[in-house]
Amino acid sequence: MNFKYVIFLFITWISVAQHTEFPSAKVDSIVNRIQLPVFPSYQINVEKLGAKGDSITNNKPFFDKAMALCKKNNGGTIVVPKGIYKINGPIHFVSNVNLKLEKGAKIKFSDRPEDYLPMVLTSWEGTMLYNYSPLIYAYDCSNIAITGEGTLDGEGAKIWKSFKAKEGPGKNRSRDMNHNNVALKDRKFGDDSFLRPQMIQFFNCRNILVENIRIENSPFWCLHLLKSQSITVRGVRYKSLNYNNDGIDPEYAKDVLIENVTFDNGDDNVAIKAGRDHEGRANSATPSENIVIRNCNFKGLHGVVIGSEMSAGVQNVFVENCKTAGYLKRGIYLKTNADRGGFIRNVFVRNLTMGEVEDCLYITANYHGEGSGFQSDLSNIFFSNITCNKATESGIVIQGFPDKKVRNISLNHINIKWAKNAISSENAENVLLNEVVIGEKATVPTAAK
């Protein structure tokens, strides 16, 4: 055997082993550099401008006026007192503004698509385009927040929900534009394209806080963190069960803290993304990175997902001290395919407690068996102290390609009490198992009789 090759393997093995410990110092450095927004002392109560929390009056003019007054005063806090405030159209943020919903306050958005025109620059499932405005939209802003104990209601269960069955042609057209590098100015959707808007989208923003509010009934993704950084989401509560109601979608996002969030979603709880296919690969300088998820309660389709739109890459993701509070299809789900390219690397998960799931830990480079020519790199993924009561399908799944293997996976102190299938691992290398028990723990072997 080649001596240099032996040395290389030994160094690689030591390198993997050294990274199996959860890097708490790295997490602390990320959290410490995230900046909370700071606001001027100016405050305006929307009721003083004429808004009525009667669930009938269209309060959009008063919210627009409050935002304009904040802009005139270089920022401030917009106070929404107790009541149900109907708004026929979007709220567009300016910098240095805190939208504060007091306890008992609810903003109820209209569900008429025409209220969300003219179109704005946005992204839809990983492709940049012009579409309906998100219900709350901030573009190129800094120091912004949505806080308080009130509720945002996206009224997504009727008209917007009906768009799901009609979105196919518009979705396919957007993906063709992505693959064929169509100029952004020509990517116009909106009317008759049936691409639903996000509930909240912060686009190219920094120093963001979303705290303690309740989000319900979104038309599409609930909270989309697009090309933004220095973000804190904490204490948020969800009850949003419509199609594609992801809870939080960081996309091309950097330095994100998600903590103490109670999820109850119709889709993924946290779905980390980084663009789709050609367009995502062209933005490889802006991966999603440095994302901390901790002390959360998961309920919905999947707990934490990376992908499948991740073509610019995802790295440095840290999940700790989370548990399920109800059904999950999959606990941790890393998914990509041979259309995406990019990478998923340096993912650390520890202290995760799950009840019943379909699959506990799932890593696949062949999502839906789609694509060719752009296989992703999946490497350096570490799980420790994971418990699960029951996996009705698989405990652990790892799927790579023969010529592009999933690499450097550590499974340390994993206890899955029951699983239909224990472990399925294909095309993977450097998979380390320590204290992994699926089913009943084996004892000493029985003696021959």
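Scope of this entry: the structure provided in the associated data block.

Conventions we followed
- Residues numbered from 1 in each chain as written.
- Predicted model: local features only at pLDDT ≥ 70, side-chain atom pairs only at ≥ 80, totals over all residues.
- Heavy atoms only, no water.
- Helix = DSSP H or I, 4+ residues; strand = E, 2+ residues; numbered from the N terminus.
- Rg over C-alpha atoms; globule rule 2.2 N^0.38 Å.
- Buried < 20%, exposed > 50% of the residue type's maximum accessible area, 1.4 Å probe, protein only.
- Contact = heavy atoms within 4.5 Å.
- Areas by Shrake-Rupley, 256 points an atom, 1.4 Å probe, with all protein chains shown as cover.
- Lys, Arg positive; Asp, Glu negative; His and termini not counted.
- Charge placed at Lys NZ, Arg CZ, Asp CG, Glu CD.
- Pairing = 2+ DSSP bridges.
- Polar contact = N/O pair within 3.5 Å; in protein donor to acceptor, adjacent residues only side chain to side chain.
- Axes fitted to C-alpha atoms, helices over the stretch in contact; angles between N-to-C directions.
- Salt bridge = Lys/Arg side-chain N within 4 Å of Asp/Glu carboxyl O.

## Side note on the overall build of the protein
Consideration 1: Helices and strands together make up the secondary structure of the protein, namely six helices and 31 strands.
Consideration 2: For the protein, whose C-alpha radius of gyration is 23 Å, the value lies close to the compact-globule estimate of 22 Å for 449 residues.
Consideration 3: Oriented by its inertia axes, the alpha-carbon framework of the protein measures out at about 85 × 45 × 40 Å.
Consideration 4: Looking at the protein as a whole, 56% of its 449 residues are labelled buried.
Consideration 5: Across the protein, contacts joining residues at least 24 apart in sequence account for 76% of those joining residues at least 6 apart.
Consideration 6: Carbon and sulfur atoms make up 49% of the accessible area of the protein, which amounts to about 18,400 Å² in all.
Consideration 7: Counting 54 positive and 46 negative side-chain charges, the protein places the centres of these two groups 3 Å from one another.

## Focus: the pairing of strand β11 (residues 142-148)
Consideration 1: In terms of residue burial, β11 counts as a mostly covered element, since six of its seven residues are buried.
Consideration 2: In terms of strand pairing, strand β6 (residues 97-101) meets β11 through five bridges, oriented parallel. In the strand pairing of β11, Leu 99 is matched with Ile 146.
Consideration 3: The pairing of β11 with strand β14 (residues 206-211) spans four bridges and is classified as parallel. Residue pairing in the sheet places Ile 144 in a bridge with Ile 208 of β14.

## What to know about the side chain of Asp 153
Consideration 1: Considering the arrangement of structural elements, one finds Asp 153 in strand β12 (residues 151-153).
Consideration 2: Taking relative accessible area as the criterion, Asp 153 reaches 4% and is therefore assigned buried.
Consideration 3: Side chain to side chain, Asp 153 and Asn 217 meet in a polar contact 3.5 Å long.
Consideration 4: Not counting residues within four places of it along the chain, the set of residues in contact with Asp 153 comprises Lys 106, Ile 107, Lys 108, Phe 109, Met 199, Glu 216 and Asn 217.

## Describing the sheet that holds β12
Consideration 1: As summarised here, the arrangement of the six strands in space is β2-β4-β7-β12-β15-β18, forming an open sheet in which the pairing is parallel. Whereas interior strands pair on both sides, the edge strands pair on one side only; in this sheet they are β2 (54-58) and β18 (237-239). Each neighbouring strand pair of the sheet contributes to a mean axis angle of 20°, computed without reference to strand direction.
Consideration 2: Relative to strand β15 (residues 214-216), β12 runs parallel, the two being bridged by three bridges. Counted as the bridge partner of Leu 152 is Ile 215 from β15.
Consideration 3: Here helix α3 (residues 60-72) sits on the sheet in contact with β2, β4 (83-87) and β7 (105-109), set at roughly 90° to β4.

## So, the environment of Ser 284
Consideration 1: Along the chain, Ser 284 falls in the loop between α6 (277-282) and β22 (288-294).
Consideration 2: With a relative accessible area of 46%, Ser 284 lands in the partly exposed category.
Consideration 3: Expressed as a C-alpha distance, the spacing of Ser 284 and Tyr 327, which sit 43 residues apart in the sequence, is 35 Å.

## Re the pattern of salt bridges
Consideration 1: One pass over the full model with this rule turns up 28 salt bridges.
Consideration 2: Linking Arg 234 and Glu 211 is a salt bridge whose minimum nitrogen-to-oxygen distance equals 2.7 Å. Linking Arg 234 in strand β17 (residues 229-234) with Glu 211 in strand β14, this pair joins segments that are 23 residues apart in sequence.
Consideration 3: For Arg 214, the salt bridge is made with Glu 216, and the minimal N-O distance between the two is 2.9 Å.
Consideration 4: A residue is classified by how much of its surface remains accessible, and Arg 214, at 26% relative accessible area, is partly exposed.
Consideration 5: Salt bridges sharing common partners tie together Lys 273, Arg 276, Asp 277, Glu 309 and Arg 340.

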